[in-house]
Amino acid sequence: MAFNCHQRDDDIDEEDETPSKLPRCKKEMPGYFDNEPQNEAAAGRATPERLASNSTARHRKDSVKKTRPPFPWFGMDIGGTLVKLVYFEPKDITAEEEQEEVENLKSIRRFLTSNTAYGTTGIRDVHLELQDLTLCGRTGNLHFIRFPTHDLPAFLQMGRNKHFSSLHTTLCATGGGAFKFESDFRTMADLELHKLDELDCLVRGVLYIDSVMSSGPLECYYFEDPTDPDHCAQKPYTLENPYPMLLVNIGSGVSILAVYSENNYKRVTGTSLGGGTFLGLCCLLTGCSTFEEALEMASQGESTRVDKLVRDIYGGDYERFGLPGWAVASSFGNMMSKEKRESVSKEDLARATLVTITNNIGSITRMCALNENIERVVFVGNFLRVNTLSMKLLAYAMDYWSKGQLKALFLRHEGYFGAVGALLELLHPS
Amino acid sequence: ICSVLFKSKVNYAFSSPAFPWFGMDIGGTLVKLVYFEPVDITAEEEQEEVENLKSIRRYLTSNVAYGKTGVRDVHLELRNLTMCGRTGNLHFIRFPTQAMPRFIQMGRDKNFSSLHTTLCATGGGAYKFENDFRTMADLELLKLDELDCLIRGLLFIDRVGFNGHPECYYFQNPSDPHSCVKKPCNLDNPFPMLLVNIGSGVSILAVYSENDYKRVTGTSLGGGTFLGLCCLLTGCETFEEALEMASKGDSTNVDKLVKDIYGGDYERFGLQGSAVASSFGHMMCKEKRDSISKEDLARATLITITNNIGSIARMCALNEKIERVVFVGNFLRINTLSTKLLAYAMDFWSKGQLRALFLEHEGYFGAVGALMELLKTSEDL
């Protein structure tokens, strides 16, 4: 199997010792910032980022590109099911800047920040907002917005109506859709996309968010006692010295990466049985239409009526190979029997679908962790959004089947890391 | 073990066990039964033969179907086989595990217990139904591990061959539907091999020698999942119906492919546009749900389960550093679609490093292994 190793060879940061860092723009910018003493102060203040020797490391790069990009600052990840958008809302706008600001830029800012829902399907995840963030010398809030990829045409239409293209901003986009819809952006909204690889962006975004969150509510967490439903508790985890880590991105499909350092990772493998499979099968089996409905049903069902367990075949444990009676021997295995089909509920089917997909991902992940000799597994992606059931199942599976060797970790910003990575590319091009 | 006995054909110096000779594998979905029908019975022996033994032999060999669900796979019969000094035909019979109570009942009706024969059984059901055999038919099972039996049975059948033909085969040019052709092969020097047993669920074994193997891993997404999901999604009731539907469907209407997300290949990581990115990924969209057929769903289920097994097998082969992957189990019975898909997947994703092998007696090796244990046990007397 060809392992695709990707080294970002423009990043020669030998001086940088810190495990994760926030690249910073240099302060010597042309006139634009001359009258902004608060910016200097902001830059000098201890921000959530770990500064360390960053500035020296970035010096080489920034000498090449001295200008900060014009607003608005977006990062976009156009996935198979959802579009993830991060938007940086500057809060340090001076009176002067505000006066010079073009109308449509102002209107975009107002539209995005004064709503939490857009159209019928767009949503701003307010609880994920990062406030008082300093990016590229500006202070502001980072907003996290999502909408179905299915509604991208409406989004493009909006971009056209708001004359987004007149802002001459670069739109950094990642995900498959950045490639698939490239010409649509061009023809429908006169916008040129700067296309980026989704896994590069993912890794970059994960490492950045974790670094800026070190002083706030921790981004990273795990489950203590995952096997005990009464005591199973979410606990914060500091992802210092994060390498090596296995990064499992569960979107429509799944990619599994082994990350050795910020610029050194490989895609170990993937599986097509992902979040899209869960939702697709649920819709077919239960008649539901949304992810939230599917999860709601799953939370009320009993998968053991649907699955054939080891004890259904052995009458107990399969001791010889350490398979407990409650382990699933054959997912949906009871459903070949008409009687059993008639006795299960839609909720049971939804639960079984969730458990099947989740356990399969867990199993494959465990094999990868074992083979790559990595103990820390970080799960991201929107399959885990509002999906505590799967998270706990993954936490449990990793712990149980590895006899405590592996630890499952989760991140609050779940599916947004690709978009964050794209935004970072806008601000600090590699 | 028995090979030594093969040479001393009509030598009853060794005490071979009392007839009938059965090997049984009680799985999650199917019971596999192998029965040795002696054809070298002397006139004397025949005269002494008890009535119910004769009746069992006649019943099994003069029918190809038993009750409503029992089937004898005649095309798999091994003729003129010598086992434990006797010559005969080896028959391969299967019926759903659900029909087990009826089978035990039959054993009682035919006074099977009076024959004082040992009934060697493997599979989970050997444990699950042990009591039922005892209480309902006064039969004591000799319980054997299913994976031990699988390996023993497989190596034996490959050794004796399939009526003069090779038991093992592979596909040449699996990636090209026009030139893809089945070719025989020998499992000489079979070790090490990765053995993937696809029954209701899946076990993956790394086999280093006849007595040295380990269970690498397994997956619960197996044949039972394929059939269970198909029944739910299409309303079909049997494995054969499910396969029939799958053969007529188009899974790309159901699955979200890389090209549906990227508009083409995802070149950076070597993923072709035609690769599946998200199985059943289109089904979250009502329009698409309304536009696909039951056949498409059956096909997608087959592809999904098969590819998942292939993917996991490939990872194991890579990590165990084994190039030969042997697929067995009744999921592959009359399932050329999956067989070819596995052959293709192993070849394609490993860039020709891995080879997928298949065996004609697919799901019967556990039962054969159990039979061999019966014969081996007698040798120790």
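Residues numbered from 1 in each chain as written. Chains lettered and ligands numbered in written order. Predicted model: local features only at pLDDT ≥ 70, side-chain atom pairs only at ≥ 80, totals over all residues. Heavy atoms only, no water.

Looking at an unreviewed UniProt entry, one finds chain B named Pantothenate kinase 1, with Characodon lateralis as its source organism.

Chain A has the name Pantothenate kinase 2, mitochondrial in an unreviewed UniProt entry, where Characodon lateralis is given as its organism.

Draft legend 1. Structural detail: the overall build of chain B. From N to C terminus, chain B includes 14 helices and 17 strands. Computed over the C-alpha atoms, the radius of gyration of chain B is 23 Å, within 12% of the 21 Å expected from 2.2 N^0.38 for a compact globule of 381 residues. Per-residue burial for chain B yields a buried fraction of 59% across its 381 residues. Within chain B, counting contacts between residues at least 6 apart in sequence, those at least 24 apart form 68% of the total. For chain B, the exposed area adds up to about 15600 Å²; of that, 50% sits on carbon and sulfur atoms. A distance of 3 Å separates the average location of the 40 positive side-chain charges in chain B from that of its 46 negative side-chain charges. (Helix = DSSP H or I, 4+ residues; strand = E, 2+ residues; numbered from the N terminus. Rg over C-alpha atoms; globule rule 2.2 N^0.38 Å. Buried < 20%, exposed > 50% of the residue type's maximum accessible area, 1.4 Å probe, protein only. Contact = heavy atoms within 4.5 Å. Areas by Shrake-Rupley, 256 points an atom, 1.4 Å probe, with all protein chains shown as cover. Lys, Arg positive; Asp, Glu negative; His and termini not counted. Charge placed at Lys NZ, Arg CZ, Asp CG, Glu CD.)

Draft legend 2. The arrangement of helix H9 (residues 275-286) of chain A in detail. An ideal rise of 1.5 Å per residue puts 16 Å on 12 residues; H9 of chain A measures up with 16 Å between its terminal C-alpha atoms. Burial within H9 of chain A is extensive, with 11 of its 12 residues counted as buried. Among the residues of H9 of chain A, Gly275, Gly276, Thr277, Phe278, Leu279, Gly280, Leu281, Cys282, Cys283, Leu285 and Thr286 of chain A are the ones counted as buried. Those residues of H9 of chain A hidden inside the fold are in contact with strand E12 (245-250), helix H10 (291-300) and helix H13 (346-372) of chain A together with helix H8 (223-234), strand E15 (276-278) and helix H11 (286-291) of chain B. Residue glycine 287 of chain A follows H9 of chain A closely and has a positive phi angle near 85 degrees. (Expected span 1.5 Å × (residues − 1).)

Draft legend 3. Seen up close, the packing of aromatic side chains. Within the structure shown, the criterion is met by 41 aromatic pairs over all chains. Seen from their ring centres, tyrosine 396 of chain A and tyrosine 400 of chain A are 5.6 Å apart, and the 20 degrees between their planes marks the pair as stacked. Of this pair, tyrosine 396 of chain A and tyrosine 400 of chain A both sit in helix H14 (residues 388-401), four residues apart, roughly one helical turn. For tyrosine 396 of chain A, a relative accessible area of 18% puts it in the buried group. Relative accessible area serves as the criterion here: at 29%, tyrosine 400 of chain A is assigned to the partly exposed category. By the ring-pair criterion, three or more aromatic residues cluster together here, those being Tyr314, Tyr318 and Phe321 of chain A together with Tyr127 and Tyr213 of chain B. (Phe/Tyr/Trp six-rings, centres within 6.5 Å; stacked < 30°, edge-to-face > 60°.)

Draft legend 4. Here's a closer look at the nonpolar core. Ranked by size, the top nonpolar core spans 83 residues in total, and within it Phe379 and Phe410 of chain A together with Phe327 of chain B carry the most contacts. Among the elements that take part in this core, helix H12 (residues 294-320) of chain B stands out by supplying nine residues, more than any other. With sequence-adjacent residues up to four places away left out, phenylalanine 379 of chain A is seen in contact with Val248, Ile250, Thr365, Leu384, Leu394, Met398, Ala408, Leu409, Phe410 and Leu411 of chain A. (Core = buried A, V, L, I, M, F, W, Y, C linked by side-chain atoms within 4.5 Å.)

Draft legend 5. Inspection of the pattern of salt bridges at higher detail. Taken as a whole, this structure holds 38 salt bridges over all chains when the rule is applied. For the salt bridge of arginine 320 of chain A with aspartate 145 of chain B, the shortest nitrogen-to-oxygen distance reads 3.6 Å. A residue pair is termed interchain when its members come from two chains, as with arginine 320 of chain A in the loop between helix H11 (310-314) and strand E16 (328-330) and aspartate 145 of chain B in the loop between strand E8 (141-144) and helix H7 (146-160). With relative accessibility at 47%, the residue arginine 320 of chain A sits in the partly exposed group. (Salt bridge = Lys/Arg side-chain N within 4 Å of Asp/Glu carboxyl O.)

Draft legend 6. Here's a closer look at the interface of chain B and chain A. Across the contact, 63 residues belong to chain B and 65 residues belong to chain A. Summed over both partners, the interface of chain B with chain A comes to about 5200 Å²; 60% of that surface belongs to carbon and sulfur atoms. When the area that chain B buries against chain A is broken down by residue, the three leading residues are Arg268, Phe269 and Met284 of chain B, summing to 13%. If you look at where chain B meets chain A, you find five salt bridges. Linking arginine 268 of chain B and aspartate 197 of chain A is a salt bridge whose minimum nitrogen-to-oxygen distance equals 3.8 Å. Elements supplying a minimum of two residues to the side of chain B that touches chain A: helix H5 (124-128), H7, strand E13 (212-219), H8, helix H10 (258-262), E15 and H12 of chain B. Sort the elements by how many residues they give to the side of chain B that touches chain A and H12 of chain B lands first, with 10 residues. Of the residues that constitute the side of chain B that touches chain A, the class distribution is 26 nonpolar, 24 polar and 13 charged. (Buried area = accessible area lost by both parts, 1.4 Å probe. Nonpolar A, V, L, I, M, F, W, Y, C, P; charged D, E, K, R; others polar.)

Draft legend 7. Spotlight on the environment of aspartate 40 of chain B. Residues and elements named next belong to chain B. Among the secondary structure elements, aspartate 40 is positioned in the loop between strand E2 (30-38) and helix H2 (43-48). Among residues more than four places away in sequence, those in contact with aspartate 40 are Glu45, Gly85, Arg86 and Thr87. Polar contacts involving the side chain of aspartate 40 include one to the side chain of arginine 86, which spans 2.9 Å. (Polar contact = N/O pair within 3.5 Å; in protein donor to acceptor, adjacent residues only side chain to side chain.)

Draft legend 8. Representation of the pairing of strand E18 (residues 407-411) of chain A. All names here are of chain A. Of all five residues in E18, four are buried; the element is thus mostly enclosed. Sheet topology note: the strand E10 (residues 220-224)/E18 ladder contains two bridges and is antiparallel. Across the sheet, the residue bridging to cysteine 220 is leucine 411, located in E18. Taken together, the four bridges between strand E17 (residues 376-380) and E18 define a ladder with parallel strand orientation. Considered in E18, the bridge of arginine 376 is made with lysine 407. Taken together, E17, H14 and E18 form a β-α-β motif whose crossover is right-handed. (Pairing = 2+ DSSP bridges. Right-handed = clockwise from strand over helix to strand, strands pointing away.)

Draft legend 9. Local environment of the packing of H13 of chain A against H14 of chain A. Residue and element names in this part refer to chain A. Packing of H13 against H14 leaves a shortest axis separation of 9 Å and a crossing angle of 40 degrees. The angle between H13 and H14 places the two elements in the oblique class. Regarding H13 and H14, the two cross each other, and that crossing is right-handed. Contact with H13, carried on its side by Arg351, Leu354, Val355, Thr358, Asn359, Gly362, Thr365 and Arg366, involves Leu389, Ser390, Leu393, Leu394, Ala397, Met398 and Trp401 of H14 and no other residues of that element. Here the residues of the contact of H13 with H14 sort into eight nonpolar, five polar and two charged. (Axes fitted to C-alpha atoms, helices over the stretch in contact; angles between N-to-C directions. Parallel < 35°, antiparallel > 145°, perpendicular 65-115°, else oblique. Left-handed = near helix turned anticlockwise from the far one by under 90°.)

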